Amino acid sequence: MPTISRRQALRQLGLVAAGLTAACTPMRVLVSAYPQAFDDDDGLVDRVLRAFVTAVIPGAPADDPDLVRAHTDPAYPFAQYAGFFAADLSRRAARRCDGRAFERLEVRERTAVIAEGLAADATTRKLYNGAIVLAQIAFYAGIYDPQKGCPAIGFEGGNHWHSLQDITYPDPERFLSRARTADGNYA
Amino acid sequence: MRTVHTDVLIIGTGFGAAAPALRLAEAGAKVVMVEKGPQVQTADFRQTSDPQYLLKYIKGTPGDHLSLTYAEALGGGSGFYEMVSLRAPSLVFDQVDAQGRRLWPRGLDRRVLDPYYDVAERMLHVSQIPLAEVPRTGLVFARLMKNLGYSVDRARYAVRGCQGSGFCVTGCIYGAKQSLFLNYLPQAVAAGAEIETDLEALSIESLPGVHRGRARLLANLPYRYQVLCRRRAGEREQVRFVARLVVLGAGTVGSATLLLRSRATLPLSSEHVGRNIAYNGSVKVAGLLPDSFPDADMFTGRSHPGMISYEFLESHGITVHGVKALPLMLVSAARMSLGDERRDPAWWGEPNVELMGQMRRRMIVLAAFGLTPPGASLAVSGAEETRVSLPLTSGLELYHEDTKRLLESILVRNDCRLVRTDFLDKSLAPEAGVHFSTAHQVGSCRMADAQSAGVVNANGEVFGCPGLYVSDGACIPSSLAVNTSLTILANAERIAAGMLDQYGLRRPVAA
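Rules and cut-offs
- Residues numbered from 1 in each chain as written.
- Chains lettered and ligands numbered in written order.
- Predicted model: local features only at pLDDT ≥ 70, side-chain atom pairs only at ≥ 80, totals over all residues.
- Helix = DSSP H or I, 4+ residues; strand = E, 2+ residues; numbered from the N terminus.
- Rg over C-alpha atoms; globule rule 2.2 N^0.38 Å.
- Contact = placed C-beta atoms within 7 Å.
- Buried ≥ 20, exposed ≤ 12 C-beta atoms within 10 Å, placed from the backbone.
- Nonpolar A, V, L, I, M, F, W, Y, C, P; charged D, E, K, R; others polar.
- Expected span 1.5 Å × (residues − 1).
- Pairing = 2+ DSSP bridges.
- Domains from an automatic or database assignment.
- Core = buried A, V, L, I, M, F, W, Y, C linked by C-beta atoms within 7 Å.
- Axes fitted to C-alpha atoms, helices over the stretch in contact; angles between N-to-C directions.
- pLDDT = per-residue confidence, 0-100.

Along the backbone of chain B there are twelve helices and 22 strands. Against the compact-globule benchmark of 24 Å for 511 residues, chain B has a radius of gyration of 23 Å, which places it among compact chains. Projecting the C-alpha coordinates of chain B onto the three principal axes gives extents of approximately 70 × 45 × 45 Å. Excluding contacts between residues fewer than 6 apart, the proportion of contacts in chain B whose partners are at least 24 apart in sequence is 76%.

Scanning chain A for helices and strands turns up nine helices and zero strands. Each helix (α) and strand (β) of chain A, taken in turn from the N terminus, gives the series α-α-α-α-α-α-α-α-α. By residue count, 39% of the 187 residues in chain A fall in the buried class. A separation of at least 24 residues holds for 53% of the contacts in chain A among residues at least 6 apart in sequence.

It is common to give the size of an interface as the accessible area that goes away when the parts come together. On the side of chain B, 57 residues touch chain A, which itself brings 47 residues to the contact. At ten residues, helix H8 (residues 122–141) of chain A tops the list of elements feeding residues into the side of chain A that touches chain B. Split into classes, the residues belonging to the side of chain A that touches chain B amount to 27 nonpolar, 15 polar and five charged.

Residues and elements named next belong to chain A. Counted at 1.5 Å a residue, the expected span for helix H6 (residues 82–96) with its 15 residues is 21 Å, and the 21 Å between its end C-alpha atoms agrees. Buried residues dominate H6, accounting for eleven of its 15 residues. Burial in H6 covers these residues: Ala-82, Gly-83, Phe-84, Phe-85, Ala-86, Ala-87, Asp-88, Leu-89, Ser-90, Arg-92 and Ala-93. Count one or two residues on from H6 and you reach Asp-98, which has phi positive near 55°.

Right, let's talk about the sheet that holds strand S4 (residues 63–64) of chain B for a bit. Residue and element names in this part refer to chain B. As summarised here, the arrangement of the three strands in space is S4-S19-S18, forming an open sheet in which the pairing is mixed. Edge strands, defined here as strands with exactly one partner in the open sheet, are S4 and strand S18 (377–380). Pairing of S4 with strand S19 (residues 386–389) involves two bridges; the strand directions are parallel. Within S19, the position partnered with Asp-64 by the bridge is Ser-389.

With that settled, the discussion passes to the domain arrangement of chain B. All names here are of chain B. Assigned domains within chain B: domain 1 (1–125 + 171–276 + 442–511) and domain 2 (133–159 + 282–371 + 393–433). Each of domain 1 and domain 2 has a C-alpha centre, and the two are 32 Å apart. The interface of domain 1 with domain 2 comprises 20 residues on the first partner and 19 residues on the second. Residue composition of the side of domain 1 that touches domain 2, by class: twelve nonpolar, six polar and two charged.

With that settled, the discussion passes to the nonpolar core. Ranked by internal contacts, the top residues of the largest apolar core, which has 215 residues, are Ala-21, Val-31 and Val-246 of chain B. In terms of residue count, the dominant contributor to this core is H8 of chain A (twelve residues). Here this core gathers at least three residues from each of two domains, domain 1 (1–125 + 171–276 + 442–511) and domain 2 (133–159 + 282–371 + 393–433) of chain B. Apart from the residues lying within four places of it in its own chain, the contact partners of Val-31 of chain B are Thr-6, Asp-7, Val-8, Ile-10, Ala-21, Leu-24, Ala-25, Ala-188, Gly-192 and Ala-193 of chain B.

This part takes up the sheet that holds strand S20 (residues 417–423) of chain B. Residue and element names in this part refer to chain B. What the seven strands build is an open sheet, ordered S7-S14-S15-S17-S13-S20-S16; its pairing is antiparallel. The open sheet is flanked by strand S7 (153–154) and strand S16 (334–338), the only strands paired with a single partner. Pairing analysis gives six bridges linking strand S13 (residues 283–288) to strand S17 (residues 363–370), with the strands arranged antiparallel. Bridge pairing links Val-285 to Leu-366 in S17. Against the sheet, helix H4 (residues 136–147) engages strand S14 (307–309), strand S15 (318–323) and S17, with an angle of about 25° to S14.

Here the focus is helix H12 (residues 485–502) of chain B. For H12 of chain B, which comprises 18 residues, the first-to-last C-alpha distance of 25 Å matches the rise-based estimate of 26 Å (1.5 Å per residue) to within 8%. The buried fraction of H12 of chain B amounts to 13 of the 18 residues, a majority that puts the element mostly inside the structure.

This part is about unusual backbone geometry. Here the amide bond leading from Asp-344 of chain B into Pro-345 of chain B is cis, since omega sits at 5°, within 30 degrees of zero. Note on placement: Pro-345 of chain B falls in the loop between S16 and helix H9 (350–356). Even without glycine at this site, Asp-171 of chain A takes up a positive phi of about 50°. One non-glycine residue, His-65 of chain B, lies in the positive phi region at around 70°. Structurally, the position occupied by His-65 of chain B is in the loop between S4 and strand S5 (66–71).

Before going further, it helps to spend a moment on the environment of Asp-114 of chain B. By the secondary structure assignment, Asp-114 of chain B is in helix H3 (residues 110–124). For the pair Asp-114 of chain B and Ala-158 of chain B, spaced 44 residues apart in sequence, the C-alpha separation works out to 17 Å.

All right, on to the environment of Gly-357 of chain B then. As for its position among the elements, Gly-357 of chain B is in the loop between H9 and helix H10 (359–362). The partly exposed category is assigned to Gly-357 of chain B, around which 15 C-beta atoms lie within 10 Å. Considering only alpha carbons, one finds Gly-357 of chain B and Tyr-503 of chain B, 146 residues apart in sequence, at a separation of 60 Å. Setting aside residues no more than four positions away along its own chain, Gly-357 of chain B makes contact with Ala-152 and Ile-153 of chain A.

Right, let's get into the confidence of the model for chain B. Caution applies to low-pLDDT parts of the model: their predicted coordinates are not meant to be read in detail. Of the residues in chain B, 97% reach a pLDDT of 70 or more, and the chain-wide mean stands at 95. In the predicted assembly, ipTM is 0.94 and pTM is 0.93.

Here's what the structure looks like:
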């Protein structure tokens, strides 16, 4: 998983901040609160993100290798913020829950941490909002495994053949009301 | 730089481009088509929800209150459409603007287009879906309407041998959906047309003599336009095409963008380029079926569920459809929660998981396509960024509110539980206020009786630019209330027929 050094982070934040207003509190908060551990421990961001996704989607398999892949996939813009996002979750968790790590919290507590991020300033809210929707898209659509789909919602993915019996119902006339056209084209 | 001389240069390979290419090539003209997107064939398609695969072909234009989706690939949108192929109802052609002026050119109506619809339907093997093949979601939609005494009709599709896989919108891997690279384009090539893909038209320039008197025969026309193109891959080769006739078939966004970028090099006098975009005012609502209903199936069966209701066309100016969609499209389009959900958060966490678990079998989504006025505009910036803007009028807000209320009432009166849908913008944040999203955009270079009202005449020829045509969705002057592809194709057939007449070209007798 790609990690971002503190120096790279500051440079990126500088670029982002250049486009923001002068009163850029969230960016300052992120910079000052970005713990060294997120540079030193390659697995930390992954663990925090897994804890995040399993709070957003309770029941999602925590050991699924693709569970947090979208959040660190360079193909999507969120990847460059993954480290900051994980750090922000950890900081909020520590403050709310007596210094405990986000990834060690109960789902109920993690939910409260995420809700706090969603209620924060506009920039933070955007980050959290994007992280949640990205998790939902990746999981429910099964974007990394076209064959698997998403068993949780009965989505089989691609290349699963169905007979006509599976697609429709017998005696379809019973569903129909009158038609207004002879051939489907309205005059 | 390579220079290519041709009788006709056609920009684009989609529904508006394919018919002129085939008809002019059949008539003996030297035809070259240039396509910005990549070559694509049935074997290239995948049944996948990988956004990176889709983003190779599917593009978007974001904007205020409206976002547009289209495809860039050989065959334009035909590789990725839902293959719904319906004729525009007659009343569509009678729409008027705020001053009471007819939006369509005088004399152009359904009756005039019908012979060209016939041709287009034959070419794409369009037929009404057999009742025995209507997907479960379509039947459940029909039941919803039947319970309230409303009519439904089986829709029409461009398909032969549909397998019902549900992946129409990622490209049909069976070659059943009638994409243009299965019919029009290979026939055009067989008739002598050449197609170059990955080649983007950058600008059009009129050559000296463009205003010379009209020659009757194509062979006697001077070379009137040069079009500068650039290869999108490899060494970014530049190619200069010099043509007697140029046909823009690059789509509502592509054709208008190209004309806007060519303002300095074309004698364009119309102020309407990029304006007057109509978009079939699409409004969507969702609900969960009550226990008394059988299961729907969001994922299985063709992407469009087979049924359409014209019940409210004359009274409200809308058609109503059931919607099927892959999870990728649903989840990336809107965040969803039950309307009566008391738990917080509702759109993620346990409540959302419970809702998503019902998506496949118990969720029903309704969409309305409406005759909303052509009010949106494109803006092209120097950085090649195109945006669309839709001024939100009180009338439009009222349309959205009324239509949403009507659709919701269909669900509520059937005892469905409403699902709240907050539609998402490009950054995955909820859109503020009313927002329309569509792939049915038309009108950015609309046909009109005079250049004071549009960009091209009823023959598709750009006012002030003889020999320069727009034959795609850009020239369609109004919303259609039904899917747009068949009307774009039929109108392109009509424009092509007019070109054959104008330039003394005739189809071979054998054809």
